[in-house]
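Per-entry structural report
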Amino acid sequence: MTFDLSIPAQLLAALAPDLILMGGAMILMVIAALRPETNENQRAIGGMAVMVLLAAAAAVVWMINAGHNVNPGVIAVDRYRWTADLIFLAAALGTVVLSMEYGAKESIRQAEVHVLVLFATSGMMILAAARDLMIVFLGIEIMSIAVYVLTGLNRRSAKAAESALKYFLLGAFATGFLLYGIALTYGATGSTNLSTIGKVIVEHQLQSQSMLLVGVGLLLVGFGFKVAAVPFHMWAPDVYEGAPTPTTAFMASAVKAAAFAVFLRIWLEAFPQMDRAWIVPVWWLAAVTMLVGNVVALVQRNIKRLLAYSSVVHSGYLLVAVAAGTRLGSASFLFYLIAYTLATFGAFAVVASIGTAGERGQDLTDYEGLWSVRPGLAIAMGVCMLALMGFPLFGGIGFFAKWYLLQAALGSPHNLIPLSVVLVLTSVIAAGYYLNVIRVMFMKPRPEGAAEVGPMGPLSQGVLAVTVALILGLGLFPSQLAVWTRGSTPMAPNQTAAQATNK
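How each quantity is defined
- Residues numbered from 1 in each chain as written.
- Predicted model: local features only at pLDDT ≥ 70, side-chain atom pairs only at ≥ 80, totals over all residues.
- Heavy atoms only, no water.
- Phe/Tyr/Trp six-rings, centres within 6.5 Å; stacked < 30°, edge-to-face > 60°.
- Helix = DSSP H or I, 4+ residues; strand = E, 2+ residues; numbered from the N terminus.
- Buried < 20%, exposed > 50% of the residue type's maximum accessible area, 1.4 Å probe, protein only.
- Salt bridge = Lys/Arg side-chain N within 4 Å of Asp/Glu carboxyl O.
- Polar contact = N/O pair within 3.5 Å; in protein donor to acceptor, adjacent residues only side chain to side chain.
- Contact = heavy atoms within 4.5 Å.
- 1 Å grid on protein atoms, 1.4 Å probe; cavity = no way out; pocket = protein on both sides within 12 Å on 5 of 7 lines; lining within 4 Å.
- Points joined across faces, edges and corners; volume = space filled by probe spheres on them.
- Nonpolar A, V, L, I, M, F, W, Y, C, P; charged D, E, K, R; others polar.
- Axes fitted to C-alpha atoms, helices over the stretch in contact; angles between N-to-C directions.
- Parallel < 35°, antiparallel > 145°, perpendicular 65-115°, else oblique.
- Left-handed = near helix turned anticlockwise from the far one by under 90°.
- Expected span 1.5 Å × (residues − 1).
- Arc of directions from axis to C-beta.
- Core = buried A, V, L, I, M, F, W, Y, C linked by side-chain atoms within 4.5 Å.
- pLDDT = per-residue confidence, 0-100.

**Comments concerning the packing of aromatic side chains**
Overall, the coordinates contain 19 aromatic pairs when judged by the stated rule. Plain terms: the ring middles of Phe260 and Phe263 are 6.2 Å apart, the flat faces sit at 35° to each other, and that makes the pair tilted. Of this pair, Phe260 and Phe263 both sit in helix H11 (residues 245–269), three residues apart, which is roughly one turn of the helix. Look at Phe260 and you get buried, because its relative accessible area is 0%. We classify Phe263 as buried; its relative accessible area is 1%. Through a chain of ring-to-ring contacts, three or more aromatic side chains come together here, namely Phe223, Phe260, Phe263, Trp267, Phe271, Trp278 and Phe333.

Here it is as structure tokens:
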């Protein structure tokens, strides 16, 4: 079926998974407001949130199987959108499950934490569907406001309050750049629809029009902040360290994935003919992000700050896929997002388990000799570190993710060979801090008087087991995932088959 978005009923049908998630979030918001703040109610709302997420995921799977399409309009109905939605929903599911046990340990009894995760995820799903810059802005605001509150939800933590305020102020500043970029793009092309912008640029030869160039530059700055690319990354280490650990995992995976998903769609659908204008800044943004992120990560002693800079580095790797500007680049981008999300959630599940009340126990010295007291946690953390590093076998999905990324870069018409060399060299630097975590866990003795590592809760165990199993399983059999992502690339409705082949 091909949806006609001018018909309200068909527009609602095309947004069915998003509406299920938003409707469920609104119902749970009312229920949470009417109940007292207790750990039991927090877990009960968490269980309901899991059911809402599973219902939304079921709707996404149904839409995939139904094979629906859409005429050019403000939203997309394609496998790129559905694949991104499944990544967001999986990350949200892991966040809710981790938060249910983490809340009891940190005395965070507000059930609204799970509702905010649902609202943030609904904003991400809007971003994945957006084919209009105003819809993009709407999705970013829904996502960002919820995440700002999640960051500072632990009212007993001064560090969390500082992180939330810093994130909010810098986020609002970056949103101003994004909105101004949208305004200038509209002024130059007369439209905010992505496919229409692409048509107008070609028809009127606007590739060198000054207003449009400035608008594209401002859009790049706005998205650079959202994905924590250097030099727009300075908020990330402090916010990741101060936020509750499940929220940090959510920001490092789902928020980044959503920003990149819409970033790639905008670049490939609205500005494919302006690659000379944006390829150079994206090239340098990717190179500087990979280099600075890796070098600074080498000196980090706090595990959450280390993972924050790791997140910055992976933004650089994903920018390589954006710079490729091809269908293979977008396919490798989705494959990489899946691998990165799995490894990130596994790592933060271990961090949440080892940390004690008050977000203590986050120094690398607290991981010394972990193998001798909690061998399961040490092995799981080792697998996640190897996956983030891109090591073959145990971190197989991470290895194949980088391999496909390199293939896309080397096959790009934009001559990304120097950038590919930077990617490989910085991946070698990254081994320094990823392997250091493994060295500390397996090769150092447990210090005398070290804090006892308590048993991992069953829900956190489930999240960790699933992520590690998927990292290993998809690393051994990556072909099916690669085939799926190759068929899930964004493409403007007005592009011909010949253009699709060339791009």
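**What about the pattern of salt bridges?**
A complete count under the given rule lists 12 salt bridges for this structure. In this structure, Asp78 and Arg131 form a salt bridge, with 3.6 Å as the shortest nitrogen-oxygen distance. Of the two residues, Asp78 sits in the loop between strand S2 (69–70) and helix H4 (79–106) while Arg131 sits in the loop between helix H5 (112–129) and helix H6 (133–151), which places them 53 residues apart along the sequence. Summarising the burial analysis for this pair, Asp78 and Arg131 share the class buried. As a salt-bridge pair, Asp238 and Lys166 come within 2.7 Å of each other at their nearest N and O atoms. Taken together, the residues span a long stretch of sequence, with Asp238 in helix H10 (residues 235–242) and Lys166 in helix H7 (residues 158–189) at a distance of 72 residues.

**Re the side chain of Arg305**
Turning to its location among the elements, Arg305 is positioned in helix H13 (residues 303–324). A polar side-chain atom of Arg305 sits 3.5 Å from a polar atom in the side chain of Gln300. Residues contacting Arg305, with those up to four places away along its chain left out, are Pro237, Asp238, Glu241 and Gln300.

**Details of empty space enclosed by the protein**
Counted according to the given criterion, the structure contains six cavities of 30 Å³ or more. Forming the walls of the largest cavity are Gln42, Ser99, Tyr102, Gly103, Ile108, Val113, Leu150, Leu153, Pro244, Pro246 and Thr247. When residues of the lining of the largest cavity are traced back to their parent elements, those giving at least two are H4 and H11. Examining the composition of the lining of the largest cavity, we find that three residues originate from one element, H4, more than from any other. Of the residues that constitute the lining of the largest cavity, the class distribution is seven nonpolar, four polar and no charged.

**A look at the layout of surface pockets**
Here the largest pocket is characterised by a volume of approximately 470 Å³. As for the largest pocket, its lining consists of 19 residues, and the residues nearest its centre are Ala90, Ala91, Leu342, Val466 and Leu470. For the lining of the largest pocket, the secondary-structure elements that each account for two or more residues are H4, helix H14 (327–354) and helix H19 (458–476). In terms of residue count, the dominant contributor to the lining of the largest pocket is H4 (eight residues). Among the residues making up the lining of the largest pocket, the classes are represented as 14 nonpolar, five polar and no charged.

**Section: the environment of Pro237**
Mapping Pro237 onto the fold places it in helix H10. Judged by relative accessible area, which is 2%, Pro237 ranks as buried. C-alpha separation for the pair Pro237 and Val295, spaced 58 residues apart in sequence, amounts to 14 Å. Setting aside chain neighbours within four positions, we find Pro237 in contact with Arg305, Ala308 and Tyr309.

**Comments concerning the environment of Ala451**
Summarising the element assignment, Ala451 is placed in the loop between helix H18 (417–443) and H19. Of the residues examined, Ala451 reaches a relative accessible area of 45% and is grouped as partly exposed.

**Observations concerning the packing of helix H16 (residues 375–389) against H19**
With their axes 10 Å apart at the nearest point, H16 and H19 run at an angle of 45° to one another. Classified by the interaxial angle, the pair formed by H16 and H19 is oblique. Seen from above, H16 lies across H19 with left-handed handedness. Contacts between H16 and H19 pair Leu377, Ala380, Val383, Cys384 and Ala387 from the former with Leu464, Val468, Ile471 and Leu472 from the latter.

**Section: helix H2 (residues 16–34)**
For H2, which comprises 19 residues, the first-to-last C-alpha distance of 27 Å matches the rise-based estimate of 27 Å (1.5 Å per residue) to within 8%. Every buried residue of H2 is listed here: Pro17, Asp18, Leu21, Met22, Gly24, Ala25, Leu28 and Ala32. Projected down its long axis, H2 shows its buried positions confined to an angular sector of 165°, all on one face. Counted as exposed and oriented over 90 degrees from the buried face of H2: Ile27 and Leu34. Those residues of H2 that are buried are in contact with helix H1 (8–14), helix H3 (39–66), H4 and H5.

**Details of the nonpolar core**
In terms of nonpolar packing, the biggest core is built from 186 residues, with Trp267, Phe271, Tyr367 and Met381 touching the most fellow members. Considering every element that reaches this core, the biggest residue donor is H14, with 18 residues. Residues contacting Phe271, with those up to four places away along its chain left out, are Thr185, Ile197, Ile201, Leu212, Val216, Leu219, Ile266 and Trp278.

**So, the confidence of the model for the protein chain**
Averaged over all residues, the pLDDT of the protein chain equals 86, while 94% of them reach at least 70. With pLDDT under 50 throughout, residues 492–503 is counted as low confidence; its partners more than four residues away or in other chains account for 18 contacts.

**Regarding the side chain of Asn41**
With respect to the helices, strands and loops of the structure, Asn41 is situated in helix H3. Classification of Asn41 by relative accessible area gives buried; the value is 16%. A distance of 3.2 Å separates polar atoms of two side chains, one belonging to Asn41 and the other to Thr38.

**Structural notes on unusual backbone geometry**
Here Val230 and Pro231 are connected by a cis peptide whose omega angle stands at 10°. Along the chain, Pro231 falls in the loop between helix H9 (210–226) and H10. Even without a glycine there, the phi angle at Gln205 is positive, about 50°. Among the secondary structure elements, Gln205 is positioned in the loop between helix H8 (194–203) and H9. The backbone phi angle of Ala228 is positive, close to 60°, even though this residue is not glycine. Inspection of the secondary structure puts Ala228 in the loop between H9 and H10. Relative accessible area serves as the criterion here: at 1%, Ala228 is assigned to the buried category.

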